[in-house]
Every structure is written in structure tokens, then in C-alpha cells.
Amino acid sequence: MLRSAAPRSSLLLPLATLLVALGALLAAPPAWADTPAKPTSKPVDRHYIRKVLPSKFPAKDKNTVIESRVDVSRDVKEINEGKAKQGNASGTVTWTLNKRTYGAHSNGTLFPIRGAGFHELNRGAYKALEVYNKFKDTPRAKEIMDKIGIPPADRKAALKAHKAG
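Calculation notes
Residues numbered from 1 in each chain as written. Predicted model: local features only at pLDDT ≥ 70, side-chain atom pairs only at ≥ 80, totals over all residues. Heavy atoms only, no water. Pairing = 2+ DSSP bridges. Helix = DSSP H or I, 4+ residues; strand = E, 2+ residues; numbered from the N terminus. Axes fitted to C-alpha atoms, helices over the stretch in contact; angles between N-to-C directions. Contact = heavy atoms within 4.5 Å. Buried < 20%, exposed > 50% of the residue type's maximum accessible area, 1.4 Å probe, protein only. Arc of directions from axis to C-beta. Phe/Tyr/Trp six-rings, centres within 6.5 Å; stacked < 30°, edge-to-face > 60°. Lys NZ or Arg CZ within 6 Å of the ring centre and 35° of its normal. Salt bridge = Lys/Arg side-chain N within 4 Å of Asp/Glu carboxyl O. 1 Å grid on protein atoms, 1.4 Å probe; cavity = no way out; pocket = protein on both sides within 12 Å on 5 of 7 lines; lining within 4 Å. Points joined across faces, edges and corners; volume = space filled by probe spheres on them. Nonpolar A, V, L, I, M, F, W, Y, C, P; charged D, E, K, R; others polar.

Caption draft 1: Summary view of the sheet that holds strand β3 (residues 92-97). Taken together, four strands build an open sheet; the order of strands is β2-β3-β4-β5 and the sheet is antiparallel. On the outer flanks of this sheet lie β2 (85-89) and β5 (110-115), each paired with one strand and no other. When strand polarity is set aside, the average angle formed by the axes of neighbouring strands in this sheet is 30°. Relative to β3, β2 runs antiparallel, the two being bridged by five bridges. Looking at the pairing, Ala89 lines up with Thr92 of β3. In the packing of helix α2 (residues 72-80) onto the sheet, the strands contacted are β3, β4 (100-104) and β5, and the crossing angle to β4 comes to about 65°.

Caption draft 2: A look at helix α4 (residues 139-148). Listed as buried for α4 are Ala141, Ile144 and Met145. End-on, the buried residues of α4 take up no more than an arc of 95°, which puts them together on one face. Projecting away from the buried face of α4 at angles above 90 degrees are the exposed residues Pro139 and Lys147. Each element contacted by the buried residues of α4 is listed here: α3 (123-135) and α5 (152-164).

Caption draft 3: Region of interest: the packing of aromatic side chains. According to the stated counting rule, one finds one aromatic pair in the structure shown. The ring centre of Tyr48 lies 5.9 Å from the NZ or CZ of Lys51, which sits over that ring. The ring centre of Phe135 lies 5.7 Å from the NZ or CZ of Arg140, which sits over that ring.

Caption draft 4: How the structure looks around the pattern of salt bridges. In this structure the tally under the stated criterion is 11 salt bridges. It is possible to trace a salt-bridge network through shared partners that takes in Lys77, Glu81 and Lys83.

Caption draft 5: Molecular detail of unusual backbone geometry. Although it is not a glycine, Lys99 adopts a positive phi angle of roughly 65°. When you line up the elements, Lys99 lands in the loop between β3 and β4. A positive phi angle, close to 60°, is found at Lys136, a residue other than glycine. Of note, Lys136 is situated in the loop between α3 and α4.

Caption draft 6: Representation of the layout of surface pockets within the structure. In this structure, the largest pocket occupies an estimated 380 Å³ of space. In terms of lining, the largest pocket is formed by 14 residues, of which the most central are Lys62, Asn63, Thr64, Phe111 and Pro112. At the level of secondary structure, the elements contributing two or more residues to the lining of the largest pocket comprise β1 (62-66), β5 and β6 (118-122). Its residues assigned to classes, the lining of the largest pocket shows five nonpolar, five polar and four charged. For the lining of the second largest pocket, the residue count by class is five nonpolar, six polar and one charged.

Caption draft 7: α2, seen in detail. Here α2 has its buried residues at Val72, Asp75, Val76, Glu78 and Ile79. For α2, the buried positions fall inside an angular range of 165° around the axis, keeping them on one side. Residues of α2 that are exposed and point over 90 degrees away from its buried face: Ser73 and Lys77. In this structure, the buried side of α2 is in contact with β1, β3, β4 and β5. In the stretch just after α2, Gly82 is the one whose phi turns positive, near 85°.

In C-alpha cells, the structure reads:
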């Protein structure tokens with residue numbers, strides 16, 4: 001008795017249905033994900049390493065800056081799509097995804113807090129980064145930092161951020 005070599009159609013339909021369902025599950029946001037109450041937007045320029053220049057932005061006590069390799073636009077998009085984990089830090093709404101945590105101001109503007117591609121700097125290190133971005137790692141930069149009294153630890157943190165740029 002000879003059997004037909006054609007595939008059985010009764011097997012193809014369940015297989016196709018399974019693949020479609022699996023695709024929908026993989027594309028859906030995780031069960032724990034939330035969407036923001038209002039759409040989020042990218043951080044302001046003072047949080048991007050290469051945009052930190054002398055006297056352009058005020059140095060705060062704590063400053064987190066972002067390396068240029070970080071795809072912030074993708075992070076913002078994914079947060080707005082509900083693909084990030086929402087949290088709360090001292091009354092501030094936070095969003096965590098891609099090994100990074102952002103805070104959100106009440107208007108929806110994000111700011112970096114910690115994570116991959118972020119550098120947490122104190123006021124002195126932020127001021128040193130301003131100098132490195134303008135003068136690079138040169139004797140002139142050292143002279144300026146000596147004059148304004150930036151300690152070696154702050155210079156080291158700033159130079160690490162500057163080089164990671």
C-alpha cells in the first residue's frame with residue numbers, strides 16, 4: 001500500500017495557530033509592566049555627557065549623566081509602551097528597563113538615576129566634567145581644576161565619564 005507524501009493539513013492549522021499565539025505572547029508587555037499616566041519624554045540636555053559644558057547648566061548636589069551609546073529614544077519608547085517596571089523612590093515615580101532606572105518629573109520628563117551607561121556624579125565631578133568636555137585631559141584643564149579646587153576623586157569620576165562619553 002502506497003502513502004501520499006503530501007503533508008497532512010490537519011497538522012498545519014494547529015501549528016500555525018500555536019506560532020501566532022506564541023508571537024503574540026512574546027510581543028506583549030510583561031504582566032508586571034505599567035504604562036505611564038502621561039507619556040514620558042527624554043531627559044534634558046544637562047544629563048548627556050557630551051552636552052555638559054562650563055556655565056551652561058547648574059551643577060546640583062547629585063548629577064547622573066548618560067553615555068552617548070545609550071539608546072535613550074528606545075528606552076523612552078519602551079517605557080511609554082509599558083515595557084518597563086514602575087517603581088517609587090522617595091516619592092518619585094521610577095521606570096526600570098534595560099539595566100537602567102529613570103525617574104520621571106510630574107510633566108513626564110525623564111531623568112537618569114542609575115544603571116548601565118549612566119555615571120553618577122557629585123557637584124565637584126560634574127564641574128570637572130564641564131572642564132574636561134571643554135579642554136579635554138590637558139594641562140589647561142588641570143590648571144583650571146586646581147584653581148577651583150576640584151579634588152582628585154571628583155576628577156577621576158569625571159574623566160571616566162568623559163572618556164566613556
